[in-house]
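Architecture and fold: a report
What follows is each chain in one-letter form.
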Amino acid sequence: QQIAEKRLHTMSHICLTPLLIILLLSHSISAFTLITFDVDGTLVAGSGKKADASAHSRAFGVAVGQILAEDGQPTLPVAQVLPRRDYHGSTDGLILLRLAKATGLMKEEVSEERLHDMFQAMYEYITTLDDAEIADGIGILPGVIDTLTVLATMKDRVACGLVTGNVEGIARRKMKAVGIWDTDALTPASSQQKEWFGTEKFAFLGGFGSDYCSRNIDDAARNHLDRGEQIAIAVNRCRSLYPDKELTRVVHVGDAPSDVLAAKSLSERYATDESICVGCVGVATGSYGADELQELVGESVPGVWEPVILEEGLACESALFLEACGL
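Within every chain, residues take consecutive numbers counted from 1 along the sequence as written. Totals for whole chains, interfaces and linings use every residue, but because this is a predicted model, local features are given only for residues with pLDDT of at least 70 and side-chain atom pairs only at 80 or more, for both listing and counting. Here the side-chain values reflect all heavy atoms present in the structure, with hydrogen atoms and water set aside.

1. Some remarks on the layout of surface pockets
Just so we agree on the cut-off: Put plainly, a pocket is an open set of points on a 1 Å grid over the protein atoms alone with protein on both sides within 12 Å along at least five of seven lines, a cavity is a set where a 1.4 Å probe fits but cannot get out, and a lining residue has an atom within 4 Å of a point. Grid points are joined across faces, edges and corners, and a volume is the space filled by probe spheres set on the points. All amino acids are sorted into three groups, where Ala, Val, Leu, Ile, Met, Phe, Trp, Tyr, Cys and Pro are nonpolar, Asp, Glu, Lys and Arg are charged, and the leftover types, Gly among them, are polar.
The computed volume of the second largest pocket comes to approximately 200 Å³. Lining the second largest pocket, in full, are Ile 67, Leu 68, Glu 70, Leu 105, Met 106, Lys 107, Glu 108, Glu 109, Val 110, Ser 111 and Arg 114. Among the residues making up the lining of the second largest pocket, the classes are represented as five nonpolar, one polar and five charged.

The following block contains the structure:
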């Protein structure tokens, strides 16, 4: 509505016919919001011993060993090799490279092609498991199903997807395994997304760890900068799905500093674009507290950067979550 009013104001010197006024105002109906969700620590349990031993966690060692080790045997688990800061809130690509380096298997710089071979090896390992095995250790967090069920009723003005460090095919299997796909909240995948054999019937919109990786494991800032690129990828894919609608708000929901900082970097990218506002809903349901996340968001800039921290995460009242998303 505000967008339409601004347009009418700027054209106030022109004599507008009633029909044109109606057309301008009705255009605001096509404005919509994209909400992107992180996975681990936001939608499902992403920390603790069970999560560290989950199928997804095991897939890292399998992939690194299969592609880089002479004997093809899995490496030690990520949680036994890397400090938590090097994998919690990071992306699958960066975690793979850090694991390879820490286990002495990265003799030289890993090419993008070899990295994608590891992504594929991770996914192929996951395809050998059934839903119960994939869901083991990553129980769905309180309030998630209820909130997504509400969002599923708002498809006329809200698109929902994932922005996660997960390999896309693994994210699809996880969402199906824990029941999130069944909420019908996730927007179908765009034609720009890769096909992952066996997941065609539950493919959804997003930006994933397998879509972008800087391969820079020496700069800690890449944890959030890589994720920022993945949000931008999701935005572009969303726009391609709805060419006749206007994306006016992007909200990223996540539990880690990298989620908050990634969304903030996106707001800086769009700072001069008055047609779009970037929001962030930081949820204290992972390894980081609300105070820590609040320190990172900085000052809110209305219409440009509008962050909110929810200590209870998606377990709060649905109305409160929707308000945090600007809905």
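2. Topic: the packing of aromatic side chains
Test applied: Centres within 6.5 Å are what make two rings of Phe, Tyr or Trp a pair, Trp counting through its six-membered ring; a difference in plane orientation under 30 degrees is then read as stacked, over 60 as edge-to-face, and the rest as tilted. Think of it in three bands: residues with accessible area under 20% of the maximum for their type are buried, residues over 50% are exposed, and the middle band is partly exposed, with areas taken using a 1.4 Å probe on protein chains only. Only lysine NZ and arginine CZ atoms are considered, and such an atom sits over a ring when it is within 6 Å of the ring centre and within 35 degrees of the ring normal.
For the structure on display, the rule yields five aromatic pairs. Consider the rings of Phe 204 and Phe 208, whose centres lie 6.2 Å apart with planes at 50°: the pair is tilted. In terms of burial, Phe 204 and Phe 208 fall into one category: buried. Among the aromatic side chains, those forming a connected cluster through ring pairs are Trp 181, Phe 204 and Phe 208. Positioned above the aromatic ring of Phe 202 is the side chain of Lys 176, whose terminal nitrogen or guanidinium carbon lies 5.6 Å from the ring centre. Lying over the aromatic face of Phe 32, Lys 245 brings its terminal NZ or CZ to 6.0 Å of the ring centre.

3. So, the pattern of salt bridges
Operational definition: Here, a salt bridge means any Lys or Arg side-chain nitrogen found within 4 Å of an Asp or Glu carboxyl oxygen. A run of DSSP states H or I qualifies as a helix once it reaches four residues; a run of E qualifies as a strand once it reaches two. Both are numbered from the N-terminal end.
Per the stated rule, a full pass over the model turns up 14 salt bridges. A salt bridge links Arg 227 to Asp 259; the shortest N-O distance between them is 3.2 Å. Placement of Arg 227 in helix H11 (residues 222–241) and of Asp 259 in helix H12 (residues 257–269) is noted, with a sequence separation of 32 residues between them. The two residues Arg 227 and Asp 259 agree in class, both being buried. Between Glu 229 and Arg 269 there is a salt bridge, and its shortest N-O distance comes to 3.0 Å. Here Glu 229 is found in helix H11, whereas its partner Arg 269 is found in helix H12, with 40 residues between them in sequence. Its relative accessible area of 26% is what places Glu 229 among the partly exposed residues. Connected through shared salt-bridge partners, Asp 38, Arg 227 and Asp 259 make up one network.

4. Looking at the nonpolar core
What counts, and what does not: We define a nonpolar core as any set of buried Ala, Val, Leu, Ile, Met, Phe, Trp, Tyr and Cys residues linked to one another through side-chain atoms lying within 4.5 Å. The contact criterion used is simple: two residues touch if any of their non-hydrogen atoms lie within 4.5 Å.
In this structure, Val 64, Leu 68, Leu 96, Leu 115, Met 118, Met 122 and Ile 126 are the most contacted members of the largest nonpolar core, which totals 36 residues. Those elements giving two or more residues to this core turn out to be helix H4 (55–68), helix H6 (92–102), helix H7 (112–127) and helix H10 (168–178). Aside from chain neighbours lying at most four places away, what touches Ile 126 is Ala 55, His 56, Ala 59, Ile 134, Ile 170 and Arg 173. One finds Leu 148, Val 158, Leu 186 and Leu 314 within the second-largest nonpolar core, a separate group that totals 34 residues.

5. Brief notes about the packing of H12 against helix H13 (residues 290–297)
Keep this limit in mind: Angular values range over 0 to 180 degrees, each being the angle between N-to-C directions of two axes fitted as lines to C-alpha atoms, with helices fitted over their stretch in contact. Each angle receives one of four descriptions, namely roughly parallel if under 35 degrees, roughly antiparallel if over 145, roughly perpendicular if within 65 to 115, and oblique otherwise. Crossings are assigned a handedness: left-handed for a near helix turned anticlockwise from the far helix by less than a right angle, right-handed for a clockwise turn.
Where H12 contacts H13, the two axes come as close as 9 Å, and the packing angle between them is 20°. Taken together, the axis directions place H12 and H13 in an arrangement best described as roughly parallel. For the element pair H12 and H13, the recorded crossing hand is right-handed. Contact residues: H12 offers Pro 257, Val 260, Leu 261 and Lys 264, while H13 offers Leu 293, Leu 296 and Val 297. Partitioned by chemical class, the residues of the contact of H12 with H13 number six nonpolar, no polar and one charged.

Function-wise, these values are silent; they only describe arrangement.
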